[in-house]
Structure formats: structure tokens, C-alpha cells
There are 2 protein chains.
Amino acid sequence: MKDFLPGLQGVAATKSSISDIDGEKGILSYRGYSLESLAFQSTFEETTLLLLDGELPTSAELHGFSQKLRENYRIKYHIREMMRHFPHTGHPMDMLQTAVSSLGMFYPGTECLTDAEACEDLNYVKNMTVNIIAQMAPLVAMWEHIRNGWDPIQPRKDLSVAKNLLYMFSGEEPDPLMSRIMDVCLILHAEHTLNASTFAALVAGSTLATPYSVISAAIGTLSGPLHGAANQRVVQMLREIGSPKRAEAWVDERLKNKEVIWGMGHREYKVKDPRAKILHGMVKQLVEDRGGELDEMFETAMKVEEVCADRLGHKGVYPNVDFYSGILYSQMGIPEDQFTALFAVARSAGWLAHWREQISDNRIYRPTQIYVGSGPREYVPMAERK
Amino acid sequence: MKDFLPGLQGVAATKSSISDIDGEKGILSYRGYSLESLAFQSTFEETTLLLLDGELPTSAELHGFSQKLRENYRIKYHIREMMRHFPHTGHPMDMLQTAVSSLGMFYPGTECLTDAEACEDLNYVKNMTVNIIAQMAPLVAMWEHIRNGWDPIQPRKDLSVAKNLLYMFSGEEPDPLMSRIMDVCLILHAEHTLNASTFAALVAGSTLATPYSVISAAIGTLSGPLHGAANQRVVQMLREIGSPKRAEAWVDERLKNKEVIWGMGHREYKVKDPRAKILHGMVKQLVEDRGGELDEMFETAMKVEEVCADRLGHKGVYPNVDFYSGILYSQMGIPEDQFTALFAVARSAGWLAHWREQISDNRIYRPTQIYVGSGPREYVPMAERK
């Protein structure tokens, strides 16, 4: 029998020059640039262009790209009307998978289905890419209003992706520190080598499906609780713990029962997740900005981190990116069930970079299976079945 | 550098007991039963249950399953209204990916997103499975009416999946031979080991995403021209050839230029695709039924087959399933751009069987990448960039 590695663990499925992880040292880099340097000096728009094109853009390139993104914030009214027919209980990830898939019908020039060559057309690729990245955040923010029975807030072309996202959620001019934190969150979640959703994008993309079909497939994959939903769980966990006083006993009880503590540990990193380090800094900044005043969830989180560092730090288990991003999104007033959708907004940059890499040197994914089923057998007519 | 096999060709990605191909002998079997025995003696409903559960059902099991399917034919009016907002130019595959994704919002009890355990609940699995398989064909038929500006035709609970599909397309009592041919087409397309769309379903399913997200991802993957669109191309090709008189010269010209002849050859089969053999028989039956009268596309197809057998038969290149299914769907009055959607209707059975197999012994897919990008480099502020 052939070798079989469940989940293809350790099997190389692609060559890629987009991002790299050094788990021993806790380094994540996009196109060779450390995540720290991008988080502190870049913007989501610039990082996206870096991921897509491979190099830091010139001022003119960045300006042109940002402009195109802003011109694509607007969502067609038939899409809004479509969304109004979704049940108000619809999960944001289901909404987003559905809405992104529908964009393939709303945008002319989506010709992959009848013309494989279209995929090799760089203008086609660039236009579709910018359109998807631009519309993700507005769709997510619109849903928050629509599901609550309100008309959505129109996007503002004078705002960055991060600011416009916050603006479309709240309808208010976004706070500069919160805007910066959102921008950093988007940068940190934009790409992370080959995970399940990115791999799904490669598989779907390898048939030369349209990028709308591809990103919709990736969103569906990210929606699974084993992949994208962890930061939502962190906040649910903190709510369950309820107060910093209860944190220590709660963590110890969970560890005793060998249960998961959400937001702790990451299979890729032996040291603290570099993204968690950056967000930890953001959390501190936010506390300072608010004159040291913390709310209970914040304090509970800090206490959970402290207890976990004591109990698990020697095993290389540290808070990961989900631990802090959940708390920060909560502080922005964003409902928990939207967190994974925000992850998808950011990750659309990485997915599309991988999609472009895939179709530029394409081979359809068609691994084999090891057949372990029944040997040949004769069909038994109904009357003779037992 | 680690080994890297583009497209994971030859790499075993799963163990499966659902279907098996013997390409040398031209045998395709579902759960050990040859496709011929199922095509001639079974129905799509029975074959679906065989694929899902592993054994031929008893009379009571089959009756119960068929009843549940029929009770699930109806599409909620909010879904219909949602579809009315799709552009009438929307491709049926984009429509189907969108609509199936939306079902995840419309059906309560879709709890994978917040409860991983739900995936292990067999009732959950069975209810979602029957719901998806039942609604695929009605959605496809509805779109044919909606995109043309008409109200869709209501499904009929007294009809099988194949008959109801034809009925919802035409609004007329379906012809018995055409119904049988549609039923056989559904059986033949229901499953085909691990191809790109089935693999996408495994990857998406491995995060414990809902089956709606999973099947939507698979539909998106199938929509690519390298995967599902071949039978549509066959009919376009036949239309281009135009008449049987022109077939020989056309084929020879294509072969001289090393261009593809759509519907010929299959990478898995060294002999004639067993599905093609069965459909070839159906074509003959249809010709007989019509008193030997053929239309021009039919005659052109027969001539193309004859010329290709002469020119390519010694290389093991024979007509595949797409060659005949395209012609047969055309005879049923179904528009070309709907063919791949019909493929998806049938394949939903196989996708869901693989999804169930995946989650019953799950491991998230996370293969590795070979990083070939830039080494560490310093961020360059905008003003210093060239």
C-alpha cells in the first residue's frame, strides 16, 4: 500500500514566494519583509500590493491601487437587495461566501468559465483582484446593518480600507487609534503560508475557475471551527470566565481536564506568535490611551495570559494572534460572530496572491486516493435483498 | 529541497471506499458495483444512497430516502427572490455556487460554525445531505425560468429527481425515455474518485465547515474550464463544425494543429470510458425511438466519433462521458451553459459521500509549501524607494 499522510501533513503541495514562517524563531515574513516591519511602517493597502506583486510599490503605484480600491467600495443595489432576502440569523461567513460568489455574476468580464485564456490576461487578473479586495469589507459591514433591519451605511471614498470598514460599521468618524489597530489587524491576517483555506483556493483556482468562485471556496473553508473561528471562541471563553478573579481557577480546571484554552498555542510557532506580540503592544497602547482604565473582559484576558504563561510557557505554548484580535475587535464594538469575516477580509489579499501564483504556473490538483472499499460485487435486485 | 509534485499528481491524499477506477480495463465501480450494473438496474436515488451509506438499501430505506428528497424539492421564496436579483446573464454555475452557499443561512440546525460536535451528529449529517441533494436540481431548473423573466415552475413531489428536473425545465410531463436517459446521466456523473472538486470538498470539509459551505466550494471548483465545462465545449464544437460533411476535414485540421478535440480521451482510461459506452447505447436507443431520424448535430457527432476512432483509437483515445452527455442534454432542450450545473446536481451525491467519509475520520488538510521567495530584507520607507 502506498504511503498516506492524513491531511497531507508534511507534504509539499506548491512552491511559493509569498510568505515564510520560521517557527523556531517566531518570524513571519511577507515577500522577505518581517511582519513587524510591515505592521509598524506599512498599511494594509501597501502590504496587499506587496503580497500581490512581490515588491514594495512606488508612491504612484500605491496611489493608483488605493484609488482603484476606493472606487470599488460601492456595492451594487441588486447585491444589497439580495442580502435583504437572507435570513437575519444568517452567519456572517455564510453571508460572505454567498455574496462573494454572487459577485461573479455581477461583474462583466468574468470570463474564466468560457475562456481559459482570460486567466492569463493580467488586466483581467488585476481588475478582479482589486474588485474582490475592495468589496469584502463593505459587504461585511453592510450585513451588520441589514441583519438588524437597517439600511447599510454608504462607503466613503476618502477613507482607507480599515477606516472605511470601521466607518461603515458605526456610521461615525473612526477613532485614529482604533483605525490604526484595525489597519494592523488587517496586515497581520493578510497572509500565513499554506493553510486549509489558502490550499482550497489553490485547488479551486487550478481548474481556472473565476477568482470569485475561488475566494468563495476559500471563505467556506475558513468558516470551519477548526480553522477560522478561534478568535470568536476566545471572546466567548472570556465571557464565560466572567471576571479576572475567576481566571486562575478556570484555566487550571481546563488544563486538568485536558481541554483547549482558546487563543493559546499555534502549531507553527515554538515561541510566541509574532502577530500576537504586535497585538499585545497594541493592547497596551489602547490601555494607555484610555488612561489605564480597562473593562472587565480586558482584565480577564490579561489574567488568563498571565496564568497561561506560568502554566504553559515552558512548553512553548503562548497566546496566538486570535487571543488578542478577539479582544481588540470587541473593543471596537464589533460583534463576535463577525470576527472570522474580518479575518476573511484581510486574508483575501493572501488568497488572491496565491491564486495569481497558482494560475501563473498552473497544474490542476488531482491527487490520488487509496481505495479501501469493497471488491467487485454483483448487483442484487431489490426483491432479493435481505 | 524537498520533492514537489505539481498538482499532487500521484500523491495519495485520502483513503476512500466510495468508488474505484480500473483505467486499463475501463471499469468504474461505486462501492464495488460496476457502473454498468447501476446504470441498467438502479436509479439515481438508489445509487445516491449506495454512495452515501455503502450498501444497496432495502425497499423501506429507499422509500424513506426518496420521500425525504421529494419533501425537500421546494425552494423557499426568499431564495427565489434572492435569485431574481441575480443578473440574467449570470452563469448557472455561479448561480448554483451562490444559491447552495445561501442555503446554509436558510436551514436552521446548520451548526458546524459554532459547534464542531454537530458534524459528528448523524442526524445532522443525514438531514443536511438530503436537503442539498434534493434542492440542487430545482435550483438549476428555476434559474432557467428566472433568467428568462418567468416565474419558476413548482416542483412535483410525485416525480423522481430526474423526472422532476425535466418537468421543472419544460413544465411538461417528461417523456419516459428522456427521463430514463436523465436518470442514467445522473447515475454516471454521481461520483468519480478524487478529482479537483471532490478534493476541494475534502479540504473545505476538513475544517468542519457546514456541508453547504463545502458543496459550494466544490461547485466553484467544478466551474473551472479545466474541470467541469467539457460537455458544453463538445456542443459548441459540434455547432462550429455545423454538418457531418465537414466533420472529417475539421478533425484532421485540429489534429494537424495539435488542438484539443473536446470530449475525446480521458486521463484515467486507456480504453473507452465506461460511462461513454453506456451513453452511446442510450444515443442508439434514442435514434431508434425516433424512427432513425437524426438531427444534424447528432449526425455530426456520430461522424466525429467515427473519424476520431479511426485517427486516435490506436492511441487509446476514445469518446468520453462528456462527448455523449452534451448531445443528449441538447436533445432534451437544455441550454449548453446549464450542462455543468447538471453535472453538479449529480455529483452532489459523490461530494457528500466523500464529505461524510472525511469528517468520520477527520484531519485538517494543511500541506506544506516550498518557499522560493526572497530572503529577509529591510523595509524601505517610501521616500527612499526607487
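Not measured: the values here are computed from a predicted model.

1. Digging into the overall build of chain A
Helix and strand counts for chain A come out as 16 helices and five strands. Its C-alpha radius of gyration of 22 Å places chain A within 12% of the 21 Å reference for a compact globule of 386 residues. Reported as C-alpha extents along the three principal axes, the dimensions of chain A are approximately 70 × 55 × 45 Å. The proportion of buried residues among the 386 residues of chain A is 65%.

2. Section: helix 14 (residues 296–312) of chain B
All names here are of chain B. In this model, helix 14 (17 residues) spans 23 Å end to end at C-alpha, consistent with the 24 Å of a helix rising 1.5 Å per residue. Looking at the buried residues of helix 14, the elements they touch are helix 11 (230–241), helix 12 (247–256), helix 13 (274–289) and helix 15 (321–331). By the N-cap criterion, in which a side-chain oxygen at the helix start approaches the backbone nitrogen of a residue two or three places on, helix 14 is capped by aspartate 295, the distance to methionine 297 being 3.3 Å.

3. Remarks on the environment of B:Phe343
Residue and element names in this part refer to chain B. By the secondary structure assignment, phenylalanine 343 is in helix 16 (residues 339–360). Residue phenylalanine 343 is classed as buried on the basis of its relative accessible area, which comes to 7%. Remark: the alpha-carbon pair of phenylalanine 343 and glycine 281, spanning 62 residues in sequence, is separated by 20 Å. The contact partners of phenylalanine 343, leaving out residues within four places of it in the chain, are His189, Leu222 and Gly228.

4. Thoughts on the relation of the copies chain A and chain B
For the match of chain A to chain B, the screw axis carries a shift of 0.0 Å, the RMSD comes to 0.0 Å, and the turn is 180 degrees. The operation mapping one copy onto its partner corresponds to a two-fold rotation axis. By C-alpha distance to the rotation axis, the residue of chain A lying nearest is A:Ala217, at 2.0 Å.

5. What to know about the interface of chain A and chain B
Facing the 106 residues of chain A at the interface are 106 residues of chain B. Buried surface at the junction of chain A and chain B, summed over both partners, amounts to about 9,500 Å²; 60% is from carbon and sulfur atoms. Put simply, B:Glu55 and A:Arg377 hold a salt bridge, and the shortest N to O gap is 2.9 Å. Counting the contacts that link chain A with chain B gives 52 residue pairs in polar contact (both at pLDDT 80 or more).

6. Some thoughts on the sheet that holds strand 4 (residues 33–34) of chain A
Sheets are built from strands that pair by backbone hydrogen bonding, the pairs being arranged parallel or antiparallel. Reading across from one edge, 2-3-4 (chain A) is the order of the three strands in this open sheet, with antiparallel pairing throughout. Each having just a single partner strand, strand 2 (19–22) and strand 4 of chain A make up the two edges of the open sheet.

7. Quick notes on the environment of A:Gln285
With respect to the element layout, A:Gln285 can be found in helix 13 (residues 274–289). Spatially, the C-alpha atoms of A:Gln285 and A:Met168 are 24 Å apart, while their sequence positions differ by 117 residues.

8. Observations concerning helix 13 of chain A
Residue and element names in this part refer to chain A. With 16 residues, helix 13 ought to run about 22 Å at 1.5 Å a step, and its terminal C-alpha atoms sit 23 Å apart, in line with that. All buried positions along helix 13 are accounted for by Pro274, Arg275, Ala276, Ile278, Leu279, His280, Met282, Val283 and Leu286. For helix 13, the elements touching its buried residues are strand 3 (27–30), helix 1 (35–41), helix 8 (176–189), helix 14 (296–312), helix 15 (321–331) and helix 16 (339–360). Positive backbone phi, at 65 degrees, marks glycine 291, one or two positions downstream of helix 13.

9. Considering the pattern of salt bridges
Residues and elements named next belong to chain A. With the rule as written, the count across this model stands at 39 salt bridges over all chains. A salt bridge links aspartate 273 to arginine 275; the shortest N-O distance between them is 3.1 Å. Residue aspartate 273 shares its accessibility class with arginine 275, and that shared class is buried. Residues joined by salt bridges that share partners form a network here, namely Glu248, Asp252, Asp310 and Arg311.

10. A look at the pairing of strand 3 of chain A
Residues and elements named next belong to chain A. With four bridges joining them, strand 2 and strand 3 adopt antiparallel strand pairing. In the sheet register, isoleucine 21 faces strand 3, and the bridge partner there is leucine 28. Two successive antiparallel strands, strand 2 and strand 3, enclose a turn made up of four residues, where glycine 26 displays a positive phi of approximately 70 degrees. In this structure, the hairpin formed by strand 3 and strand 4 is closed by a connection of two residues, where arginine 31 is found at a positive phi of approximately 55 degrees.

11. Some details on the packing of aromatic side chains
In this structure the tally under the stated criterion is 13 aromatic pairs over all chains. Judged by centre distance (5.4 Å) and plane angle (55 degrees), the rings of A:Tyr329 and A:Phe339 are tilted. Taken together, the positions of A:Tyr329 in helix 15 and A:Phe339 in helix 16 put the pair ten residues apart, joining distant regions of the chain. The class of A:Phe339 is buried, set by a relative accessible area of 0%. Summarising the aromatic geometry, the rings of B:Phe199 and B:Tyr365 are spaced 5.6 Å apart at their centres and angled 85 degrees between planes, so their arrangement reads as edge-to-face. Taken as a pair, B:Phe199 in helix 9 (residues 196–205) and B:Tyr365 in the loop between helix 16 and strand 5 (368–371) lie far apart in primary sequence, 166 residues in all.

12. Overview of unusual backbone geometry
Residue and element names in this part refer to chain A. Look at arginine 31: it is not a glycine, yet its phi comes out positive at around 55 degrees. When you line up the elements, arginine 31 lands in the loop between strand 3 and strand 4. Using a relative accessible area of 11% as the deciding quantity, one classes arginine 31 as buried.

13. A short note on the side chain of A:His85
Structurally, A:His85 can be placed in the loop between helix 4 (77–84) and helix 5 (92–106). For A:His85, a relative accessible area of 17% gives the class buried. In contact with A:His85, not counting residues within four places along its chain, are B:His78, B:Glu81, B:Met82, B:His85 and B:Phe106.

14. Let's talk about the sheet that holds strand 4 (residues 33–34) of chain B
If you trace the three strands from one edge of the open sheet to the other, you get 2-3-4 (chain B), paired in antiparallel fashion. In this open sheet, the two edge strands, each paired with only one partner strand, are strand 2 (19–22) and strand 4 of chain B.

15. Details of the packing of helix 2 (residues 44–53) of chain A against helix 6 (residues 122–146) of chain A
All names here are of chain A. Between helix 2 and helix 6, whose axes approach to 13 Å, the crossing angle comes to 145 degrees. Here the hand of the crossing between helix 2 and helix 6 comes out right-handed. Contact residues: helix 2 offers Phe44, Thr48, Leu52 and Asp53, while helix 6 offers Lys126, Thr129 and Ile133. When grouped by side-chain class, the residues that make up the contact of helix 2 with helix 6 number three nonpolar, two polar and two charged.

16. Observations regarding the confidence of the model for chain A
Mean pLDDT over chain A stands at 92; residues scoring 70 or higher make up 96%. What the predictor reports for the complex is a pTM of 0.95 with an ipTM of 0.95.

17. As for the side chain of A:Ser42
As for its position among the elements, A:Ser42 is in the loop between helix 1 and helix 2. A:Ser42 sits in the buried class, given a relative accessible area of 3%. At 2.7 Å, the side chain of A:Ser42 and the side chain of A:Glu46 are in polar contact. If sequence neighbours within four positions are ignored, A:Ser42 has contacts with A:Ser37, A:Thr47, A:Arg180, A:Asp183, A:Ile187 and B:Tyr379.

18. What about the environment of A:Ser243?
All names here are of chain A. One can find serine 243 in the loop between helix 11 (230–241) and helix 12 (247–256). For serine 243, a relative accessible area of 10% translates into the label buried. Taking the C-alpha atoms as reference points, serine 243 and glutamate 299, 56 residues apart in sequence, are found 7.6 Å from one another. If we skip the residues at most four places from it in the chain, serine 243 touches Glu296 and Thr300.

Rules used in this analysis
Residues numbered from 1 in each chain as written. Chains lettered and ligands numbered in written order. Predicted model: local features only at pLDDT ≥ 70, side-chain atom pairs only at ≥ 80, totals over all residues. Heavy atoms only, no water. Helix = DSSP H or I, 4+ residues; strand = E, 2+ residues; numbered from the N terminus. Rg over C-alpha atoms; globule rule 2.2 N^0.38 Å. Buried < 20%, exposed > 50% of the residue type's maximum accessible area, 1.4 Å probe, protein only. Expected span 1.5 Å × (residues − 1). Contact = heavy atoms within 4.5 Å. Polar contact = N/O pair within 3.5 Å; in protein donor to acceptor, adjacent residues only side chain to side chain. Least-squares fit on C-alpha atoms with pLDDT ≥ 70 in both. Buried area = accessible area lost by both parts, 1.4 Å probe. Salt bridge = Lys/Arg side-chain N within 4 Å of Asp/Glu carboxyl O. Pairing = 2+ DSSP bridges. Phe/Tyr/Trp six-rings, centres within 6.5 Å; stacked < 30°, edge-to-face > 60°. Axes fitted to C-alpha atoms, helices over the stretch in contact; angles between N-to-C directions. Left-handed = near helix turned anticlockwise from the far one by under 90°. Nonpolar A, V, L, I, M, F, W, Y, C, P; charged D, E, K, R; others polar. pLDDT = per-residue confidence, 0-100.

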